[in-house]
2 protein chains.
Amino acid sequence: MTRGPGGVSRGPGGRAPRVAILAEGQFARATAKTAIGVLRYAPFEVVAVVDSTRAGTDAAECVGVGMGVPVVADVPTALARGATVLLIGTAAAGGRIPDEYRPALAAALERGVAVWNGLHERVLSDPALAAAATRGRATVRELREPPADLEIGGHRRRRTGAHVVLTVGSDAAVGKMTAALELVAALRRAGECAAFVATGQTGIAIAGSGIAVDAVVSDFIAGAAERITCDAAEKADWVLVEGQGSLTHPGFSGVTLGLLHGCAPDLMVLCHDSTRAAVKAHDELPLRTFGELLRIYEDAALWSRPPGSPRIPVVAVALNTAALDERSAARAVAQAAAETGLPAADPIREGAAGGDRLARALLAAAR
Amino acid sequence: MTRGPGGVSRGPGGRAPRVAILAEGQFARATAKTAIGVLRYAPFEVVAVVDSTRAGTDAAECVGVGMGVPVVADVPTALARGATVLLIGTAAAGGRIPDEYRPALAAALERGVAVWNGLHERVLSDPALAAAATRGRATVRELREPPADLEIGGHRRRRTGAHVVLTVGSDAAVGKMTAALELVAALRRAGECAAFVATGQTGIAIAGSGIAVDAVVSDFIAGAAERITCDAAEKADWVLVEGQGSLTHPGFSGVTLGLLHGCAPDLMVLCHDSTRAAVKAHDELPLRTFGELLRIYEDAALWSRPPGSPRIPVVAVALNTAALDERSAARAVAQAAAETGLPAADPIREGAAGGDRLARALLAAAR
């Protein structure tokens, strides 16, 4: 069993869950973001991935992570491997449960297997799935379900001395959660007390707690971010908040700004996928340059503070170069550093050396 | 019966509603924003305001608008004046139904009177109110209830030739809805086909339709704004979108940016309350100067567009000078014009002349 920096997620009764990931027809780098995050970081065992179109392969062959986890054809095969949970491992914009997932979900629920769902659509809102859950006495964990008692943001102050870091992005789905988790690990290697704050469904599945800020009533985005950040700052000296979306994304920018003002970071780390040229699903929108992105995030971070407040700096650039060859990746890292004047690294490709380089930038900025 | 620029709201069966406004203990300028908006603009008759602490006065004495509408002590007195609807006329941040309103709401529902509610908390989530509604066979209209089929924003294009104008603010509750409604009226006086797009509970009560963007799941703020804007642009050449919050408000900025990117305006009008010095409920946060606010909104409007897109200008300043004397008000208008180099007006204090001045700025910018 691997143990990620997020903490340990346990099922009812305290037994560690044994998770199968449902990614039918979509178990690939571009579409299985949740699956990849969980395979890389979750503190519980993943026993199989369900995707009939890739059955017989190894997870690592499909998405570059999860060596030794088999991809199987259907839910019964996953259950035969001891799965006690079926986690939906993909997340299309809009958050509907794909119709082709419903039979597999029904099969799991009917057999008493818990379903973990990170989509906006609730599993039990489908009468067929609700009936299956009743028949199988199965539970559903809605990862995006917000707490009932959210408040408007802007009123709570966090513990003095805690450093809050937000990972921000050139776009959606560029590696903001990954960067935050790798920074927590690197800071811990450096002897610091660091915590990860999950703000999205995958982070919540990994960490076992958090609030999906894109799923709260929009008046409460900042309040939700403020709550989880302030709570974490009570216990840790470094609070790494998982970013969401991008200020330059026409669909998600509101969530991004609410999160930015709600968590009120001291420092930011800019995340970018080196193969991304345009906003995801918006070919008409080329991404901004690093220089523009730094200005945009640093400007916006100040808007909710008193005029004349010191600038909240972006202090490092975390790159995702997974799709590049070794040489192009090194060039992308060097170019990001040159364009921004900041330390840059791909904390996955470069391993601990990459994460440590980014963490040193945080430690230096906090001195 | 007055007829506002928003359109006519009718009850079931097509009969125009006769509305009593509930503002118990809070029927004052600072706290009764919804009541004031409805008294000024609603196309239906308001028969009374319920506030036992001000019973016996006239609405206009309390909030400067609603001459001839009596303030009464309780719901039965309002019903005796023929009310068929009880509208909650105040809105505290956070959106809970005040406990002191619950007896009045129960009294109305029990007698078969419909309740219109613009708060986040739903009336029927209170078991006592649900029971009263069942006993009285009364209906509840949740003004903030979003449609069930919202989408991620950024994909729909509006009709070419339609001009979209967003009212943006130096803060929350400074007069953005009022400015939008007055601009619709002024553009109509100028012979233009103009429509009001409601994005908040008061605007929806007035216009009879719209989406409360602060009440949607936050992933869908931009999509909701895009839908109502594009729909309105099919029928009108000028689409005046009611702004929400402020990019500089620590609690509401996410809603503001999502709305800005979702409605994707061609032009903006900056709204400001001339007596406001700090962010509402945040004395530690002085408001930004006009110059800073113009830069902030014009910068942010471009983030979701291709790099190099032409600037989206703020073309006029709409002031709320209600709390100033005549001379101070004139000075505030002159100062706003001088500081920004833009036409400025208080469209309420100055009447049609003020609204027309602002509308001319829109017409000139669109030429």
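Residues numbered from 1 in each chain as written. Chains lettered and ligands numbered in written order. Predicted model: local features only at pLDDT ≥ 70, side-chain atom pairs only at ≥ 80, totals over all residues. Heavy atoms only, no water.

> Explain the interface of chain A and chain B to me, and be specific about the residues and the numbers.
At the junction of the two partners, chain A supplies 48 residues and chain B supplies 48 residues. In total, chain A and chain B occlude about 3,700 Å² of area from one another, counting both sides; carbon and sulfur atoms represent 59% of this. Taken as a group, Ser218, Asp219 and Trp303 of chain A account for 19% of the area that chain A buries against chain B, more than any other trio of residues on that side. Put simply, chain A and chain B have four salt bridges between them. (Contact = heavy atoms within 4.5 Å. Buried area = accessible area lost by both parts, 1.4 Å probe. Salt bridge = Lys/Arg side-chain N within 4 Å of Asp/Glu carboxyl O.)

> Describe the packing of aromatic side chains, with residues and values.
Enumeration according to the criterion identifies three aromatic pairs over all chains in this entry. With centroids separated by 5.5 Å and ring planes inclined at 85 degrees, the aromatic side chains of Phe44 of chain A and Trp116 of chain A adopt a geometry described as edge-to-face. Taken together, the residues Phe44 of chain A in the loop between helix H1 (33–41) and strand S2 (45–50) and Trp116 of chain A in strand S5 (residues 114–117) connect sequence positions 72 residues apart. Trp116 of chain A matches Phe44 of chain A in its accessibility class, with the two residues each being buried. With a centroid separation of 5.4 Å and 5 degrees between ring planes, the pair formed by Trp303 of chain A and Trp303 of chain B is classed as stacked. Of this pair, Trp303 of chain A sits in helix H10 (residues 290–303) while Trp303 of chain B is found in helix H10 (residues 290–303), placing the two residues in two different chains. The pair formed by Trp303 of chain A and Trp303 of chain B is uniform in burial state, with each residue classed as buried. Residue placement shows Arg141 of chain A over the ring face of Trp116 of chain A; its charged tip is 4.6 Å from the ring centre. (Phe/Tyr/Trp six-rings, centres within 6.5 Å; stacked < 30°, edge-to-face > 60°. Helix = DSSP H or I, 4+ residues; strand = E, 2+ residues; numbered from the N terminus. Buried < 20%, exposed > 50% of the residue type's maximum accessible area, 1.4 Å probe, protein only. Lys NZ or Arg CZ within 6 Å of the ring centre and 35° of its normal.)

> Please give an account of the domain arrangement of chain A that cites residues and values.
Residue and element names in this part refer to chain A. Examined at the domain level, chain A breaks down into domain 1 (12–142) and domain 2 (163–366). Using only C-alpha atoms to locate each centre, domain 1 and domain 2 end up separated by 27 Å. A combined buried area of about 1,300 Å² lies between domain 1 and domain 2, and 60% of that area is made up of carbon and sulfur atoms. Counting the surface domain 1 buries against domain 2, the share from its top three residues, Tyr41, His120 and Arg141, is 36%. Seen at the junction of domain 1 and domain 2, the total is two residue pairs in polar contact (both at pLDDT 80 or more). Examining the composition of the side of domain 1 that touches domain 2, we find that six residues originate from one element, H1, more than from any other. Looking at side-chain class alone, the side of domain 1 that touches domain 2 contains nine nonpolar, four polar and four charged residues. (Domains from an automatic or database assignment. Polar contact = N/O pair within 3.5 Å; in protein donor to acceptor, adjacent residues only side chain to side chain. Nonpolar A, V, L, I, M, F, W, Y, C, P; charged D, E, K, R; others polar.)

> Account for the packing of helix H4 (residues 102–110) of chain B against helix H5 (residues 127–136) of chain B, naming residues and giving values.
All names here are of chain B. Where H4 contacts H5, the axes come no closer than 7 Å and their chain directions differ by 20 degrees. Classified by the angle between their axes, H4 and H5 sit roughly parallel to one another. Two packed elements cross with a definite hand, and for H4 against H5 that hand is right-handed. When H4 is examined against H5, the residues Arg102, Leu105, Ala106, Leu109 and Glu110 are found in contact with a partner set consisting of Leu129, Ala132, Ala133, Arg135 and Gly136. Looking at side-chain class alone, the contact of H4 with H5 contains six nonpolar, one polar and three charged residues. (Axes fitted to C-alpha atoms, helices over the stretch in contact; angles between N-to-C directions. Parallel < 35°, antiparallel > 145°, perpendicular 65-115°, else oblique. Left-handed = near helix turned anticlockwise from the far one by under 90°.)

> Could you give me a rundown of the environment of Gly351 of chain B, with the residues and numbers involved?
Summarising the element assignment, Gly351 of chain B is placed in the loop between strand S14 (344–345) and helix H12 (352–366). Taking the C-alpha atoms as reference points, Gly351 of chain B and Ala186 of chain B, 165 residues apart in sequence, are found 9.9 Å from one another.

> Describe the packing of H1 of chain A against helix H6 (residues 176–189) of chain A, and please don't skip the residues or the numbers.
Residue and element names in this part refer to chain A. Interaxial distance between H1 and H6 falls to 11 Å at its minimum, and their mutual angle equals 10 degrees. Relative to H6, the element H1 is oriented roughly parallel. In this structure, H1 meets H6 at a crossing whose hand is right-handed. Facing Gly37, Arg40 and Tyr41 of H1, the residues of H6 in contact are Met177, Thr178, Leu181 and Glu182. Its residues placed into classes, the contact of H1 with H6 shows three nonpolar, two polar and two charged.

> Describe the sheet that holds strand S14 (residues 344–345) of chain A, and please don't skip the residues or the numbers.
By definition, the strands of a sheet pair up through backbone hydrogen bonds, in either a parallel or an antiparallel sense. All names here are of chain A. Read across the open sheet, the six strands follow the order S8-S9-S7-S10-S13-S14; overall the sheet is parallel. Looking at strand neighbours, the two that pair on one side only are strand S8 (194–197) and S14, the edges of this open sheet. Pairing of strand S10 (residues 267–273) with strand S13 (residues 314–320) involves six bridges; the strand directions are parallel. Bridged to Met268 within S13 is Val314. Contacts between H6 and the sheet are confined to strand S7 (163–169), S8, strand S9 (238–241), S10 and S13, with S8 contributing the most and set at about 165 degrees to the helix. (Pairing = 2+ DSSP bridges.)

> Please provide a residue-by-residue account of unusual backbone geometry, values included.
Positioned with a positive phi, Arg137 of chain A is a non-glycine residue whose angle comes to about 50 degrees. Tracing the sequence through the fold places Arg137 of chain A in the loop between helix H5 (127–136) and strand S6 (140–142). Arg137 of chain A gets classed as exposed once you look at its relative accessible area, which sits at 78%. In this structure, Ala173 of chain B is a non-glycine residue whose phi angle is positive, near 55 degrees.

> With reference to specific residues and values, describe the sheet that holds strand S5 (residues 114–117) of chain B.
Residue and element names in this part refer to chain B. In space, the six strands of this open sheet follow the order S3-S2-S1-S4-S5-S6, with parallel pairing throughout. A strand with exactly one partner marks an edge of an open sheet, and here the two such strands are strand S3 (71–72) and strand S6 (140–142). Of the strands in this sheet, strand S1 (18–22), strand S4 (85–88), S5 and S6 touch H4, which is tilted by about 155 degrees from S4.

> Now, about the state of the cysteines: what can you tell me, with residues and values included?
If you walk through the whole model with that rule in mind, you get zero disulfides over all chains. Lacking any disulfide linkage, Cys263 of chain A is separated from the closest cysteine sulfur, that of Cys230 of chain A, by 9.7 Å. With no disulfide partner, Cys193 of chain B has as its closest neighbouring cysteine sulfur the one in Cys230 of chain B, 16 Å distant. For Cys193 of chain B, a relative accessible area of 37% translates into the label partly exposed. (Disulfide = S-S within 2.5 Å.)

> Help me get a handle on the relation of the copies chain A and chain B, residues and values and all.
The operation relating chain A to chain B is a screw motion whose rotation component is 180 degrees, with 0.0 Å of axial translation and a residual RMSD of 0.0 Å. Expressed as a symmetry operation, the mapping of one chain copy onto the other fits a two-fold axis. Here 100% of the contact residues of chain A are again contact residues in chain B; the copies associate through an equivalent surface. (Least-squares fit on C-alpha atoms with pLDDT ≥ 70 in both.)

> Describe the pattern of salt bridges, listing the residues and the values that go with them.
A complete count under the given rule lists 50 salt bridges over all chains for this structure. One salt-bridge network, held together by shared partners, links Arg96, Asp99, Arg102, Glu121 and Asp126 of chain A.

> I'd like a description of the pairing of S4 of chain B, backed by residues and values.
Residue and element names in this part refer to chain B. Burial along S4 is two-sided: Val85 and Leu87 facing one way and Leu86 and Ile88 facing the other are all buried. Of the pairings in the sheet, the one linking S1 to S4 comprises four bridges and is parallel in character. When the sheet's bridge partners are listed, Val19 is paired in S4 with Val85. Examined bridge by bridge, S4 and S5 share three bridges and lie parallel to one another. When the sheet's bridge partners are listed, Val85 is paired in S5 with Ala114. With H4 bridging S4 and the parallel S5, this β-α-β connection has right-handed handedness. (Right-handed = clockwise from strand over helix to strand, strands pointing away.)

> I'd love a proper account of H10 of chain B, names of residues and values included.
With 14 residues, H10 of chain B should cover 20 Å at 1.5 Å per step; its first-to-last C-alpha distance of 20 Å lies within 8% of that length. The buried fraction of H10 of chain B amounts to 11 of the 14 residues, a majority that puts the element mostly inside the structure. Here H10 of chain B has its buried residues at Phe290, Leu293, Leu294, Ile296, Tyr297, Glu298, Asp299, Ala300, Ala301, Leu302 and Trp303 of chain B. Buried residues along H10 of chain B sit against H10 of chain A together with strand S7 (163–169), helix H9 (253–263), strand S10 (267–273), strand S13 (314–320) and helix H11 (326–340) of chain B. (Expected span 1.5 Å × (residues − 1).)

> Let's hear about H5 of chain A: which residues, and what values?
Residue and element names in this part refer to chain A. What H5 keeps buried is the set Leu129, Ala132, Ala133 and Gly136. Down the axis of H5, the smallest arc covering the buried residues is 100 degrees, so these residues share one side. Exposed and facing more than 90 degrees away from the buried side of H5 are Pro127, Thr134 and Arg135. If you follow the buried residues of H5, they end up packed against helix H4 (102–110). Arg137 lies just past H5 and shows a positive phi near 50 degrees. (Arc of directions from axis to C-beta.)

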